[in-house]
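# A look at the structure
Listed below are the residues making up each chain.
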Amino acid sequence: MSNGSTLEIVSVVGARPQFVKLAPVSRAFEHVGCINHSVIHTGQHYDDRMSAVFFDELDLPRPQFDLGVGSASHGAQTGAMLAKLEDCFLKRPPDAVVVYGDTNSTLAAALAATKIHVPVVHIEAGLRSFNRSMPEEINRVATDHICDRLYSPTPTGMQNLANENLDSRALLSGDVMRDVVMHNIELARERSRIMQTLDVGKHQFGLLTLHRPINTTPDALQELMILLDDMARQHVELLFPVHPRTRAILNEKHFIVPSSIRMIEPLAYLDMLQVVEAARVVVTDSGGLQKEAAYLRTLCITVRDETEWTETVEMGVNTLTGRDADNIQAAFSAAMINTDRFSDLVMNEMKVQFGNGDAAELIARDLTSWLMTHSAFPVE
Ligand code: UD1
């Protein structure tokens, strides 16, 4: 303990989904009382709509440092973060570093801390797509293996960690993203005006997001736009908040997106919750959105061949289609017929698999007692 009574804990975040995960965790750290929690922003995401808006809306602690790393190739981006984070941790060594999810910011922070013997803990540990061509899969596996404490959102994640002999460091926490959805959905219903702004009616549209490298090559994007235009014309208009990666590729290739797919700017968090809940169907390659859709009782079509959130597929609320035309057609048709927004049985199973919305509280309590037992200077 840094001053004998307070634990100095640093969270490192950098990309949009990590700002969301930070929200319940920083609140839970505050409740514990003996934690002095600070935040470092790597700067991986830097546009206001990808970053600042989340800090404002979710009332996140202002970052103590913003490393301003920005966009670059994987090696250059991760390397720049590594050097700058090491510098921060050496200047003022924390009792623990907390990393979230599977981005380059996650791996850089875990590596920087563990190399100088600062304990590192991983929130959202144990997820696997078993597809090593995804940068996120490399980040997840490497991060789990160098972290000292692992918090897994699901029993499947725990099993994956056991298969890699990491279970002695792991605890089943539940999904912190479930905490955030449960905490903010009422607020979203009250405050968000996005449905009026976009002039869309409940269940009258689908929500589309695409940002994975595998779906954002010019050829893949073209293929998807043709398939999804067809679906939108047959079924419902698709709202498409465009990730900067995807927008850059569309602009570079002077790509014309069909008018049945309505391009909009990236959405702030409360607007996103409102739109996910009101959508007839979500079509995505995002990890987080697959669960947000499930928690808000909206069917999801995942345009990937595999998912880390296999439970959602097993529960029948998410369909993996890849970019296969027949699969996409079948999944859309099923989603249009299905007007039942999930049975109580499914919602109960969701609780079993992803927790009850108190994952962050559990993590804060466990981390405090774990650090007290494992710290070099245990409390008397
Ligand atoms: C990253 C994560 C991914 C996560 C996603 C959430 C990695 C390897 N990937 O992907 O796991 O699901 O964040 O969004 O860490 N850009 C901007 N402004 C920004 C941010 C990005 O214009 O604020 C553009 C740049 O052209 C950049 C590209 O988007 O090169 C990709 O950004 P990057 O952070 O490298 O990866 P993401 O695709 O966002």
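Below is a short write-up of the structure. (Residues numbered from 1 in each chain as written. Predicted model: local features only at pLDDT ≥ 70, side-chain atom pairs only at ≥ 80, totals over all residues. Heavy atoms only, no water.)

Within the protein, the secondary structure is distributed over 16 helices and 13 strands. Taken against the 2.2 N^0.38 rule, which gives 21 Å for 380 residues, the C-alpha radius of gyration of the protein at 20 Å falls within 12% of a compact globule. With respect to the principal axes defined by its C-alpha atoms, the protein has extents near 65 × 45 × 40 Å. Within the protein, buried positions represent 58% of all 380 residues. Residue pairs at least 24 apart in sequence account for 69% of intrachain contacts in the protein once pairs closer than 6 positions are excluded. When the accessible surface of the protein is summed, it comes to about 15,700 Å², and 51% of that surface belongs to carbon and sulfur atoms. (Helix = DSSP H or I, 4+ residues; strand = E, 2+ residues; numbered from the N terminus. Rg over C-alpha atoms; globule rule 2.2 N^0.38 Å. Buried < 20%, exposed > 50% of the residue type's maximum accessible area, 1.4 Å probe, protein only. Contact = heavy atoms within 4.5 Å. Areas by Shrake-Rupley, 256 points an atom, 1.4 Å probe, with all protein chains shown as cover.)

It is worth spelling out the site of the ligand at this point. Neighbouring residues of the ligand: 21 residues in total, closest His-45, Tyr-46, Asn-104, Glu-136 and Arg-245. Here an oxygen atom of the ligand and a side-chain polar atom of Gln-44 are 2.9 Å apart. At a separation of 2.9 Å, an oxygen atom of the ligand approaches a polar side-chain atom of His-211. Protein contacts shield 86% of the accessible area of the ligand, which totals 740 Å² for the unbound molecule. Listing elements by their share of the shell around the ligand, those giving two or more residues are helix H3 (74-91), helix H5 (135-146) and helix H10 (244-252). Residue composition of the shell around the ligand, by class: six nonpolar, ten polar and five charged. (Near = heavy atom within 4 Å. Polar contact = N/O pair within 3.5 Å; in protein donor to acceptor, adjacent residues only side chain to side chain. Nonpolar A, V, L, I, M, F, W, Y, C, P; charged D, E, K, R; others polar.)

Every second residue of strand S6 (residues 149-152) is oriented toward a common face, with Arg-149 and Tyr-151 on one face and Leu-150 and Ser-152 on the other, all of them buried. Relative to S6, strand S5 (residues 120-123) runs parallel, the two sharing three bridges. Paired with His-122 across the two strands is Leu-150, which belongs to S6. At this point the chain moves from S5, through H5, to the parallel S6, and the crossover so formed is right-handed. Where S6 lies against strand S7 (residues 170-172), three bridges are found, and the strand directions are parallel. Within S7, the residue paired with Ser-152 across the bridge is Leu-172. Note on the crossover from S6 through helix H6 (residues 155-163) to S7: the handedness is right-handed. (Pairing = 2+ DSSP bridges. Right-handed = clockwise from strand over helix to strand, strands pointing away.)

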